[in-house]
Amino acid sequence: MEPLSIPGEKSAKTATLPRGWEARINALERLKPPCANCPRIAVFDLDNTLLIHDVGDAVFALLRRRSLEGNLPETADPMPFSWAQYVHLRESGQPREAYCRVVAAMAGLSAATVAAITREVMNWPTDELEAEGVRVPVPRPDPVMLHLVQRLQQSNFDVFVISASNHITVRTVSSEFLGIRPDHAWGIRSITTTGQQGKKVFSVKLASPVPYGKGKVDLFRLKLKNCIPLVSGGDSISDIPLLNLTFRTGVVFWAGEPDLLNQTPSPFRYPANVFYHRSMRS
């Protein structure tokens, strides 16, 4: 039987790590984990970090489209939250609320439905999908970051993902498209309930903590206790609390606005340890 391959693996193998990354990983290999009884840990954001573009956005857009068409298996009703409402919340300075509303709007759906839509998005044949008259970019694994993940795994790092996209999508993408264990990946999680036909479906209630901003730190602590990451990566100001957990001799891979690296005072705890990654999404 041939070994399991993941989409994007070939492009990851042909990608090269930027100058200085390999040397830094070699140095990290010689370090002991910062805490006793903890593995070497790398923790990453998902959207616009390990992925080019945002899978949470694309999955929501396709779910909303299918709900308007009456093509979701568990319900004939449109999802009670529109793309316009989502964008309005984000642009009015309420991104956490926007992400939570997206996941709460999936109430009544099963995990299997959300996972299937996620796979459809990740295998979408074009670079954009259309929903409610809006073109939404389709996400793909970032080949450089995928190569980085594989390089860290070869060095016996345990790689984790903490994202503000929905939990099922985060686990599906992590395990099936990035080669990261599903139990090492977390997103905003709906609390399930029993539907009318005795089937487990999502409710409007969300589990705490919500992995956004400081909530990513709270979730890291909940799952990994007192462990400290040697490596982290993100692209958003809301990721910085998580990135600032990184050990003082570790490394942060920043895929966000480069201007933030020159800000004084720096938002990063150890700014000299931040490596910039120019995403292919721009």
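Residues numbered from 1 in each chain as written. Predicted model: local features only at pLDDT ≥ 70, side-chain atom pairs only at ≥ 80, totals over all residues. Heavy atoms only, no water.

Draft legend 1. Looking closely at the packing of aromatic side chains. Under the criterion given, the structure shown has ten aromatic pairs. Ring centres 5.3 Å apart and planes at 55 degrees place the aromatic pair W83 and Y86 in the tilted group. Linking W83 with Y86, this pair stays in helix α5 (residues 83-91), spanning three residues, or about one helical turn. Overall, the relative accessible area of 12% leaves W83 in the buried class. Among the aromatic side chains, those forming a connected cluster through ring pairs are F60, F81, W83, Y86, Y99 and Y212. (Phe/Tyr/Trp six-rings, centres within 6.5 Å; stacked < 30°, edge-to-face > 60°. Helix = DSSP H or I, 4+ residues; strand = E, 2+ residues; numbered from the N terminus. Buried < 20%, exposed > 50% of the residue type's maximum accessible area, 1.4 Å probe, protein only.)

Draft legend 2. Fine view of the pairing of strand β10 (residues 231-234). Here β10 shows a buried face lined by V231 and G233 and a second buried face lined by S232 and G234. Bridging between strand β1 (residues 40-44) and β10 involves three bridges; their strand directions are parallel. In the sheet register, V43 faces β10, and the bridge partner there is S232. Where β10 and strand β11 (residues 251-254) come together, four bridges link them in parallel fashion. (Pairing = 2+ DSSP bridges.)

Draft legend 3. View of the nonpolar core. In terms of nonpolar packing, the biggest core is built from 66 residues, with F44 and V231 touching the most fellow members. Among the elements that make up this core, the one with the highest residue count is helix α4 (residues 55-69) (seven residues). Discounting residues that sit within four places of it in the chain, V231 has contacts with L28, I41, A42, V43, F44, L152, F157, T246, V251 and F253. Within the second largest apolar cluster, 14 residues are counted, among which are I41, I162, W186 and L242. (Core = buried A, V, L, I, M, F, W, Y, C linked by side-chain atoms within 4.5 Å. Contact = heavy atoms within 4.5 Å.)

Draft legend 4. Layout of the state of the cysteines. A full pass over the atoms with the stated rule returns one disulfide. Residue C38 pairs covalently with C227 via a disulfide, S to S 2.1 Å. Since a negative S-S torsion denotes a left-handed disulfide, the C38-C227 link at about -85 degrees is left-handed. Placement of the pair is C38 in the loop between α2 (21-29) and β1 and C227 in the loop between α10 (214-224) and β10, with a sequence separation of 189 residues. Comparing C38 with C227 shows no difference in burial state: the two are buried. Here C35 stays free of any disulfide, with the sulfur of C38 as its closest cysteine sulfur at 4.9 Å. For C35, a relative accessible area of 18% puts it in the buried group. (Disulfide = S-S within 2.5 Å.)

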